[in-house]
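# Survey of secondary and tertiary structure
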Amino acid sequence: MSNPVKEPFLRIVKRDEASIARKILVRIAAILFALVLDALFIFFVTGLNPLSVYVVMFQGTFGTSIRFSWAVRDLVSLLCIGIALAPAFKMKFWNIGAEGQVLMGALVTALIMVYLGGKLPGTVLFPVMIVTSIAVGAVWGLIPAFFKAKWKTNETLFTLMMNYVATSFVACAVNIMRGQASSLGKLNMGTKIGWFPQFFGQRYNINILVVVILTFAMFFYLKYTKHGYEITVVGESENTARYAGINVSRVIMRTMAISGAICGLCGLLLVCGRDQTISTSTAGGNGFTAIIVAWLAKFNTFYMALIAFLLIFLQKGAGEIASAYGLNDFASSIISGVILFCILGSEFFVNYRCIFRAGKAAKKSDEQ
């Protein structure tokens, strides 16, 4: 007589597609849970009033109109890279090289500003910078795509290592441009040649306008065009794509060229519209942070805007907390990190459900 198989105490079952309402509720619950954890950390470790800390954190973004405008300025830079990563990630091409692609777009923009700024009129200089930054970014994204399509190389390692190559190029070029100076400083500071013109009082408002257009354009491209359909099919199964007559290699290279081109354009926006300089930290790590933005939003560019704003809010809030209370950067980063960790963890409860062994109740839940 065989022994009956004992039901496990806990089973994890993948859910069907969760509704938008459920996704929102789960993430709100995750944020509330994170706030409780942070409150315990703030009270028992730092000895501060959690509510006061949260007020200061809120003021980091919304305290003044200038702080809010700076947050929006940083938001569009992060969102632009997230938009660039969306098509590649939807195709399941893990482009970890956005940082380098942005740097290369920024580098060629800076070189043209410095060496052609006084030789070309503005009506020619800006188109040249735009076309060149997009082209260089596209080529930088196309290189790993070509090797992936032809020889099945690992795109994660390939694109990651190309970041270091791009950083070396930028470091070398900066050393050449600055000459005997201790730092590079603002490019064309006296003439402002190559700087975006003032638009509604700020140069970076042009960045905002460009990224808003890209947000709508990429959403439409991925959802309603033939190319977007091909990206989806290749991401789900390359064999299915080939069976359907899709040229997988061409889709991979075309999509990565688009991804790199948008990153290159972001480099131009950073140099001309925000920083007016170039360094190895021009991208500011956003090439990696944007991976979180694209992944959590499931490649929906409108959701990306919300998630990018949340990350910028946490970043600004952590800095404000450190400044207001004299905390070290690690303590303030823990506060924002707990919130981000809980949001990331909430994806588990969106996609899976836990079934505990509890007799009839568990069986009834499993049948639903």
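In short, a report on the structure. This structure is a prediction, so every number in the text was calculated from the model and none was measured.

Let's shift gears to the overall build of the protein chain. On a plain count of helices and strands, the protein chain comes out with 14 helices and 2 strands. Just so you have it, the protein chain exposes about 19,100 Å², and 67% of that area is on carbon and sulfur atoms. Of the side-chain charges in the protein chain, 32 are positive and 16 negative, and the distance between the mean point of each set is 4 Å.

Moving on, we get to the side chain of Thr159. On the secondary structure map, Thr159 appears in helix α6 (residues 155-178). Here Thr159 falls in the buried class, since its relative accessible area comes to 1%. Engagement of the side chain of Thr159 in a polar contact is seen with the backbone oxygen of Thr156, the distance being 3.2 Å. Leaving out residues up to four positions away in the same chain, Thr159 has contacts with Phe93, Trp94, Asn95, Ile96, Gly97 and Pro144.

Close contact between helix α5 (residues 122-151) and α6 brings their axes to 10 Å; oriented N to C, the two are set at 150°. Comparing the axis directions of α5 and α6 gives the class roughly antiparallel. Handedness of the crossing formed by α5 with α6: right-handed. Seen from α5, the contacting residues are Trp140, Ile143, Pro144, Phe147 and Lys148; seen from α6, they are Glu155, Phe158, Thr159, Met162, Val165, Ala166 and Phe169. Looking at the contact of α5 with α6, its residues break down into 9 nonpolar, 1 polar and 2 charged.

Okay, the nonpolar core next. If you look at the biggest cluster of nonpolar residues, it comprises 92 residues, and the most contacted ones within it are Ile81, Leu85 and Ile278. In contact with Leu85, not counting residues within four places along its chain, are Asn95, Ala98, Ser259, Gly287, Ala290, Ile291 and Ala294.

The subject of this paragraph is unusual backbone geometry. Phi at Asn188 takes a positive value of approximately 50°, unusual for a residue other than glycine. Located in the positive-phi region is Gln276, a residue other than glycine, with phi close to 55°. Examined against the element boundaries, Gln276 turns out to sit in the loop between α10 (248-275) and α11 (286-296). Look at Gln276 and you get buried, because its relative accessible area is 5%.

Turning to helix α7 (residues 205-224), a few remarks are in order. Between its terminal C-alpha atoms α7 stretches 29 Å, which fits the 28 Å expected from 20 residues at 1.5 Å a residue. Within α7, the full set of buried residues consists of Asn205, Ile206, Asn207, Val211, Leu214, Thr215, Met218, Tyr221 and Leu222. Buried residues in α7 make contact with α3 (65-90), α8 (226-236), α10 and α12 (301-325).

What follows concerns the side chain of Asn286. Relative to the helices and strands, Asn286 is located in helix α11. Not counting residues up to four positions away in its chain, the partners in contact with Asn286 are Ser77, Leu78, Ile81 and Glu99.

The next subject is the pattern of salt bridges. The final tally for this structure, using the stated rule, is 11 salt bridges. Between Asp74 and Arg73 there is a salt bridge, with the nearest N and O atoms lying 3.2 Å from each other. For Arg73, a relative accessible area of 21% corresponds to the partly exposed category. With a shortest N-O distance of 2.6 Å, Lys316 and Asp74 are connected by a salt bridge. Pair noted here: Lys316 is in helix α12 and Asp74 is in helix α3, with a separation of 242 residues, a long-range link. Exposure remark for Asp74: the relative accessible area of 12% places this residue in the buried category. Salt bridges here are not isolated pairs; linked through shared partners, they connect Arg73, Asp74, Arg274, Asp275 and Lys316.

With that out of the way, let us pick up the packing of aromatic side chains. One pass over the full model with this rule turns up 22 aromatic pairs. Aromatic pair Phe62 and Phe313: ring centres 6.3 Å apart, planes at 45°, arrangement tilted. Here Phe62, found in helix α2 (residues 50-62), pairs with Phe313, found in helix α12; they are 251 residues apart in sequence, far enough to count as distant. We classify Phe313 as buried; its relative accessible area is 18%. An angle of 55° between the planes, with centres 4.9 Å apart, marks the rings of Phe219 and Phe302 as tilted. One end of the pair, Phe219, is in helix α7; the other, Phe302, is in helix α12, and 83 residues separate them in sequence. Among the aromatic residues, ring-to-ring pairing joins Phe58, Phe62, Phe68, Phe309 and Phe313 into one connected group. Across the ring face of Tyr352, the terminal group of Lys14 is positioned such that the distance to the ring centre comes to 5.0 Å. In this structure, Lys223 is placed above the aromatic ring of Tyr224, and the distance from its NZ or CZ to the ring centre is 6.0 Å.

Another point: helix α13 (residues 329-351). Its 23 residues give α13 an end-to-end C-alpha distance of 34 Å, which sits within 8% of 33 Å, the value for a rise of 1.5 Å per residue. Where α13 bends most, at Ile335, the angle is about 25°. Looking at α13, one finds that the buried residues are Ala331, Ser332, Ile335, Ser336, Ile339, Cys342, Ile343, Ser346, Glu347 and Val350. The elements touched by buried residues of α13 are α1 (20-46), α2, α11, α12 and β2 (352-356).

What counts and what doesn't
Residues numbered from 1 in each chain as written. Predicted model: local features only at pLDDT ≥ 70, side-chain atom pairs only at ≥ 80, totals over all residues. Heavy atoms only, no water. Helix = DSSP H or I, 4+ residues; strand = E, 2+ residues; numbered from the N terminus. Areas by Shrake-Rupley, 256 points an atom, 1.4 Å probe, with all protein chains shown as cover. Lys, Arg positive; Asp, Glu negative; His and termini not counted. Charge placed at Lys NZ, Arg CZ, Asp CG, Glu CD. Buried < 20%, exposed > 50% of the residue type's maximum accessible area, 1.4 Å probe, protein only. Polar contact = N/O pair within 3.5 Å; in protein donor to acceptor, adjacent residues only side chain to side chain. Contact = heavy atoms within 4.5 Å. Axes fitted to C-alpha atoms, helices over the stretch in contact; angles between N-to-C directions. Parallel < 35°, antiparallel > 145°, perpendicular 65-115°, else oblique. Left-handed = near helix turned anticlockwise from the far one by under 90°. Nonpolar A, V, L, I, M, F, W, Y, C, P; charged D, E, K, R; others polar. Core = buried A, V, L, I, M, F, W, Y, C linked by side-chain atoms within 4.5 Å. Expected span 1.5 Å × (residues − 1). Salt bridge = Lys/Arg side-chain N within 4 Å of Asp/Glu carboxyl O. Phe/Tyr/Trp six-rings, centres within 6.5 Å; stacked < 30°, edge-to-face > 60°. Lys NZ or Arg CZ within 6 Å of the ring centre and 35° of its normal. Bend = angle between axes of the 7 residues up to and from the residue.

Note that every value here comes from positions in space, so none of it alone points to a role or purpose.
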